[in-house]
Amino acid sequence: MDTNVASFVYLQKPNSGWENFAALMQGHVLCMSFASVAEMLVMAHRNSWGPARRRDLINHVRLYTVLKFDIEVCKTWAPMYAKLRGQLKGEGVNDLWTAACAMAQNPPLPIITDDLTDFGTIGKHFELTLVHPTL
């Protein structure tokens, strides 16, 4: 899953649509890339969360399988970054890492995302399966 969906599900803010994503995730093994975990931790730092709330976030992240980087992920990421550099919001580095982590698995994993713009762009150029309530 991408960082947006992970944060929706963790925060469960009213009217965020998190329930629509949670319904799509039921019955599946849930994974996050190492980059999404890092982005979640950045969210905690930027919002000045205290130690208890940060521990809660870490415990929540531990519910997921974290997809780590390895040489296969790097070999998948490099051509994506070379092709799409400058075409994604904020360079899209973490979205590309998330996509590379999913694509490097055997078999490749789908990505549940709320960012159909950037992940849609990645999917136009590379074989990527997206999951979203409107798809």
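Now for a description of the structure that goes with this document.

Conventions and cut-offs
Residues numbered from 1 in each chain as written. Predicted model: local features only at pLDDT ≥ 70, side-chain atom pairs only at ≥ 80, totals over all residues. Heavy atoms only, no water. Helix = DSSP H or I, 4+ residues; strand = E, 2+ residues; numbered from the N terminus. Rg over C-alpha atoms; globule rule 2.2 N^0.38 Å. Buried < 20%, exposed > 50% of the residue type's maximum accessible area, 1.4 Å probe, protein only. Contact = heavy atoms within 4.5 Å. Lys, Arg positive; Asp, Glu negative; His and termini not counted. Charge placed at Lys NZ, Arg CZ, Asp CG, Glu CD. Salt bridge = Lys/Arg side-chain N within 4 Å of Asp/Glu carboxyl O. Axes fitted to C-alpha atoms, helices over the stretch in contact; angles between N-to-C directions. Parallel < 35°, antiparallel > 145°, perpendicular 65-115°, else oblique. Left-handed = near helix turned anticlockwise from the far one by under 90°. Nonpolar A, V, L, I, M, F, W, Y, C, P; charged D, E, K, R; others polar.

1. What to know about the overall build of the protein
Per the secondary structure count, the protein includes 7 helices and 4 strands. When its helices and strands are written in sequence order, the protein yields α-α-β-α-α-β-α-α-β-α-β. The C-alpha atoms of the protein give a radius of gyration of 15 Å, which matches the 14 Å a tight globule of 135 residues would have. Split into buried and exposed, the 135 residues of the protein put 41% on the buried side. Contacts in the protein between residues far apart in sequence, at least 24 positions, make up 65% of those at least 6 positions apart. In the protein, the 12 positive side-chain charges and the 12 negative ones have mean positions that sit 7 Å from each other.

2. Some details on the pattern of salt bridges
Evaluated as defined, the whole model comprises 3 salt bridges. Among the salt bridges present, the one from Glu-72 reaches Lys-75, with a minimum N-O distance of 3.2 Å. On the criterion of helical spacing, the pair formed by Glu-72 and Lys-75 is a turn pair, its members being 3 residues apart in helix α5 (residues 71-84). Residue classification places Glu-72 among the partly exposed positions, given a relative accessible area of 39%. Here Arg-85 and Glu-91 are joined by a salt bridge, their closest N and O atoms 3.8 Å apart. Arg-85 sits in the exposed class, given a relative accessible area of 55%. For Glu-91, a relative accessible area of 33% translates into the label partly exposed.

3. Side note on the packing of helix α6 (residues 93-103) against helix α7 (residues 116-125)
Interaxial distance between α6 and α7 falls to 10 Å at its minimum, and their mutual angle equals 55 degrees. Considered as vectors, α6 and α7 are oriented oblique to each other. You can see that α6 and α7 cross each other, and the crossing is right-handed. Taking contact as the criterion, the partners of Asp-95, Leu-96, Thr-98 and Ala-99 in α6 are, on α7, Asp-118, Phe-119 and Ile-122. Across the contact of α6 with α7, the residue classes tally to 4 nonpolar, 1 polar and 2 charged.

Note that every value here comes from positions in space, so none of it alone points to a role or purpose.
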